[in-house]
Amino acid sequence: MTFLGLLLVAGGVFAQVSPVGLWRSIDDKSGEAKAEIRISESGGVLTGRIEKTLKKDAKPTCEECKDERKGQAIQGLEIIRGARKADGQDVWENGKILDPENGKEYTLKLAPVDNGQKLQVRGYLGPFYRTQTWVRVQ
């Protein structure tokens, strides 16, 4: 019985080592919480939407967006598209992430850390990249 209980607890821990869930984005430059993003999975593909903005001066719509998201409300805006789990790794990559503040889209890599309690979010533009660490919202 004890072994079965430990197995169930361990299974719960491993289930959390995924980007799926609700995250608080933390700006890598200011350390300020910017938004809460809900990442979901369908057919092995991740998407992420802004569920709630946390910045007092956040714009209400994405005026800088260059695609069909231009003019859409920031709350509910899809900012993560197309990331897939890399073979044999706890890394999701080859998707895109949108920065609604400047309208730029970056190649995306997501890596859960600290037993899935934090998420390294890296956006690439050619050889250059920027990394933020997001915190899981309980």
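Scroll up a little and you will see the structure.
Below is a summary of the structure that appears in this document. (Residues numbered from 1 in each chain as written. Predicted model: local features only at pLDDT ≥ 70, side-chain atom pairs only at ≥ 80, totals over all residues. Heavy atoms only, no water.)

Okay, the sheet that holds strand β5 (residues 92-99) next. Strand order in the closed barrel formed by eight strands is β1-β2-β3-β4-β5-β6-β7-β8, and the pairing between neighbours is antiparallel. Ignoring which end each strand starts from, the neighbouring axes of this sheet average 30° apart. Two strands pair when backbone bridges link them, and strand β4 (residues 78-85) and β5 are joined in this way by four bridges, in the antiparallel orientation. Paired with Arg81 across the strands is Lys96, a residue of β5. (Pairing = 2+ DSSP bridges. Helix = DSSP H or I, 4+ residues; strand = E, 2+ residues; numbered from the N terminus. Axes fitted to C-alpha atoms, helices over the stretch in contact; angles between N-to-C directions.)

To continue, consider the pattern of salt bridges. Throughout the structure, instances matching the rule amount to 13 salt bridges. Asp27 is the partner of Lys34 in a salt bridge, and the nearest nitrogen-oxygen pair spans 3.5 Å. In this pair, the class of Lys34 matches that of Asp27, namely buried. As a salt-bridge pair, Arg130 and Asp27 come within 3.6 Å of each other at their nearest N and O atoms. Residue Arg130 is found in strand β8 (residues 128-136), and its partner Asp27 is found in the loop between β1 (21-26) and β2 (33-42); the two are separated by 103 residues along the sequence. (Salt bridge = Lys/Arg side-chain N within 4 Å of Asp/Glu carboxyl O. Buried < 20%, exposed > 50% of the residue type's maximum accessible area, 1.4 Å probe, protein only.)

The phi angle at Asn94 is positive, at roughly 65°, despite the residue not being glycine. Structurally, the position occupied by Asn94 is in strand β5. Unusually for a residue other than glycine, Asp114 sits at a positive phi of about 50°. Positionally, Asp114 belongs in the loop between β6 (104-113) and β7 (118-125).

In this structure, Ile39, Ile79 and Trp134 are the most contacted members of the largest nonpolar core, which totals 22 residues. Taken together, the elements giving at least two residues each to this core come down to β2, β3 (45-53), β4, β5, β6 and β7. For Ile79, the contacting residues outside a window of four places in its chain are Ile37, Gly48, Ile50, Arg69, Lys96, Ile97, Leu98, Pro100 and Trp134. (Core = buried A, V, L, I, M, F, W, Y, C linked by side-chain atoms within 4.5 Å. Contact = heavy atoms within 4.5 Å.)

Read these as spatial facts, not as claims about activity.
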